[in-house]
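Structural description and commentary
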Amino acid sequence: MSSSSPSAAVEAAGLAKRYGRAWALRGIDLSIRPGEAVALLGPNGSGKSTLLRILATATRPTHGEVRVFGFPIRTDGDTVRRRVGLLSDRPPLYDELTALENLAFAAAMYGLPVRDDGLRAALATVGLPRVADARVRTFSQGMAQRLALARATLQSPDLVLLDEPYNALDVEGLRLVDQLLARVRAAGKTAILATHHIAKGLAQCDRVIALSGGRVTFDGPTARFAASPAADEAGAWA
Amino acid sequence: MGVSNARHEWRRVWAVARKDLLIERRAKAAFNAMAFFAGLVLLTFGFALGPDVPAGESRQGTLLQELAPGLLWVTILFAGVLAVDRSFQLELERGGFDALRLYPGDRKALYVGKLIANVTIMLVMEILICPLAGVLYSLDLWPRLPGLAGVAILTTTGFSRCCFP
């Protein structure tokens, strides 16, 4: 990866990450085209969240190089952050603020206009229009997850990183995530969906990257995943 | 830095400060801890040193009045540590520090926003603590009020500045 390749939304070469003595990622090479929807599958501890956190610039890799839309995350982190939205496994919401205030804070931090009607519309897309003025501490886990989803996509990111977005959601919530992914794809944006929900991942994405022990065990079209050895392994942890 | 960029950064500063102050106004987590601690320390010193023990030779008043400025500042600064701790805890609870770091823009805005919120919370606490010290230690604070206010603002800002390196 000697030069910037704007044709790729994500490019990683020799990507490795170590926490203390444990390696979370052990030399990942991948390239994701703009507009692709990728399901990142793997058991707990396989490195899915770490990979997403590195792409979002929340964590620095121990080794390797990563470019997002051609920008190296080590030197152009701020540019990358403007184009990436991350829904992490721990939604960063403030319990004492209302849903609207949480979104208003995120909008101000992104430099977006803080307009009440715009923020309420964002809440409506995740099915929370009636609790806009309720404090987050009164929310169920699923409602908080929906709000986190609205927050992660507030700035219309070009690369949407979703870490277990189906967690704690009811049927309506699952449908909302699917709709959001459909909108992201329709807009020609890139999405990476890390999930244990294999059926959802396969249904919503056109490519699968399977991780195990910090290594890629499968990388290919969704249609070929079922026949791969990685699918047998997935049967054990799913 | 252009005017537009500077305006954007100040908007971020205000967003962080407003968010912290709003949360503190509702939860009162830092303020309650600080007020309880400060009140307890001032009372304990009052009982420990006694209200009638005379000051040292060639001094007028009581020992408590002689030591009051030092006792007051020790109380305020230790209570301030609680406010700073709460400010960090607020962001640690739900991975907020990660989220703050993922917002694009100058990270100085986060620092200045947190600083403003912390100084404000501490100054409000001082406005309550100083009269309490005046009553407990029989101090006449009115003549010293302008100087005390100036020193309080400078000390609190300096203290908070050191706590958010």
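Now for a look at the structure at hand. All values derive from a computational prediction rather than experimental measurement.

**What about the packing of helix α2 (residues 29–49) of chain B against helix α5 (residues 108–136) of chain B?**
Residues and elements named next belong to chain B.
- Remark: α2 packs on α5, axes separated minimally by 10 Å, with the N-to-C direction vectors making an angle of 25 degrees. In terms of orientation, α2 lies roughly parallel with respect to α5. In the packing of α2 onto α5, the handedness of the crossing is right-handed. Where α2 approaches α5, its residues Phe31, Met34, Ala38, Gly39, Leu42 and Leu43 are matched on the opposing element by Ile121, Met122, Val124, Met125, Leu128, Ile129, Leu132, Ala133 and Leu136.
- For the contact of α2 with α5, the class distribution of residues is 14 nonpolar, one polar and no charged.

**Section: the sheet that holds strand β2 (residues 22–32) of chain A**
All names here are of chain A.
- On the basis of which strands lie adjacent, the open sheet formed by four strands has the order β2-β1-β4-β5 and antiparallel pairing. Strands at the two margins of the open sheet, each flanked by one partner only, are β2 and β5 (71–72).
- Inspection of the sheet shows strand β1 (residues 10–19) paired to β2 by eight bridges, in the antiparallel sense. Along β2, the bridge assignment pairs arginine 18 with tryptophan 23.
- Each of β1, β2 and β4 (63–68) is contacted by helix α1 (residues 48–55), which is oriented at about 120 degrees to β1, the strand it contacts most.

**Considerations on the packing of aromatic side chains**
- This structure, assessed with the given rule, holds five aromatic pairs over all chains.
- Between A:Tyr110 and B:Tyr103, the ring centres sit 5.0 Å apart and the planes meet at 75 degrees, which makes this aromatic pair edge-to-face. Of the two residues, A:Tyr110 sits in helix α3 (residues 99–110) while B:Tyr103 sits in the loop between α4 (96–102) and α5, which places them in two different chains. One exposure class covers both A:Tyr110 and B:Tyr103, and it is buried.
- The structure contains a cluster of three or more aromatic residues connected by ring pairs, namely A:Tyr94, A:Phe105, A:Tyr110 and B:Tyr103.
- Here the guanidinium or amino end of A:Arg83 rests over the ring plane of A:Phe69, the centre of that ring lying 4.1 Å away.

**Structural notes on the nonpolar core**
All names here are of chain A.
- Core analysis: the largest hydrophobic core is formed by 59 residues, its most contacted members being Phe105, Leu123, Leu147, Leu162 and Phe225.
- Per-element tally for this core: the top contributor is α3, with nine residues.
- Once residues within four sequence positions are removed from consideration, leucine 162 is found in contact with Leu52, Leu87, Leu149, Leu180, Leu181, Ile192, Leu193 and Ala194.

**Focus on unusual backbone geometry**
- A positive phi is found at A:Ala168, a non-glycine position, where the angle reads about 65 degrees.
- With respect to the helices, strands and loops of the structure, A:Ala168 is situated in the loop between β7 (159–163) and α6 (171–186).
- On the basis of relative accessibility, which here comes to 42%, the residue A:Ala168 falls in the partly exposed class.
- For B:Ser138, which is not glycine, the phi torsion reads 55 degrees and is therefore positive.
- Relative to the helices and strands, B:Ser138 resides in the loop between α5 and α6 (145–163).

**Comments concerning the interface of chain A and chain B**
- Taken together, the contact pairs 31 residues of chain A with 27 residues of chain B.
- Counting the surface chain A buries against chain B, the share from its top three residues, A:Arg81, A:Tyr94 and A:Met109, is 27%.
- At the boundary of chain A with chain B, the tally comes to two salt bridges.
- With a closest N to O distance of 2.6 Å, A:Arg53 and B:Asp98 form a salt bridge.
- The interface formed by chain A and chain B includes 10 residue pairs in polar contact (both at pLDDT 80 or more).

So, how was this worked out
Residues numbered from 1 in each chain as written. Chains lettered and ligands numbered in written order. Predicted model: local features only at pLDDT ≥ 70, side-chain atom pairs only at ≥ 80, totals over all residues. Heavy atoms only, no water. Axes fitted to C-alpha atoms, helices over the stretch in contact; angles between N-to-C directions. Helix = DSSP H or I, 4+ residues; strand = E, 2+ residues; numbered from the N terminus. Parallel < 35°, antiparallel > 145°, perpendicular 65-115°, else oblique. Left-handed = near helix turned anticlockwise from the far one by under 90°. Contact = heavy atoms within 4.5 Å. Nonpolar A, V, L, I, M, F, W, Y, C, P; charged D, E, K, R; others polar. Pairing = 2+ DSSP bridges. Phe/Tyr/Trp six-rings, centres within 6.5 Å; stacked < 30°, edge-to-face > 60°. Buried < 20%, exposed > 50% of the residue type's maximum accessible area, 1.4 Å probe, protein only. Lys NZ or Arg CZ within 6 Å of the ring centre and 35° of its normal. Core = buried A, V, L, I, M, F, W, Y, C linked by side-chain atoms within 4.5 Å. Buried area = accessible area lost by both parts, 1.4 Å probe. Salt bridge = Lys/Arg side-chain N within 4 Å of Asp/Glu carboxyl O. Polar contact = N/O pair within 3.5 Å; in protein donor to acceptor, adjacent residues only side chain to side chain.

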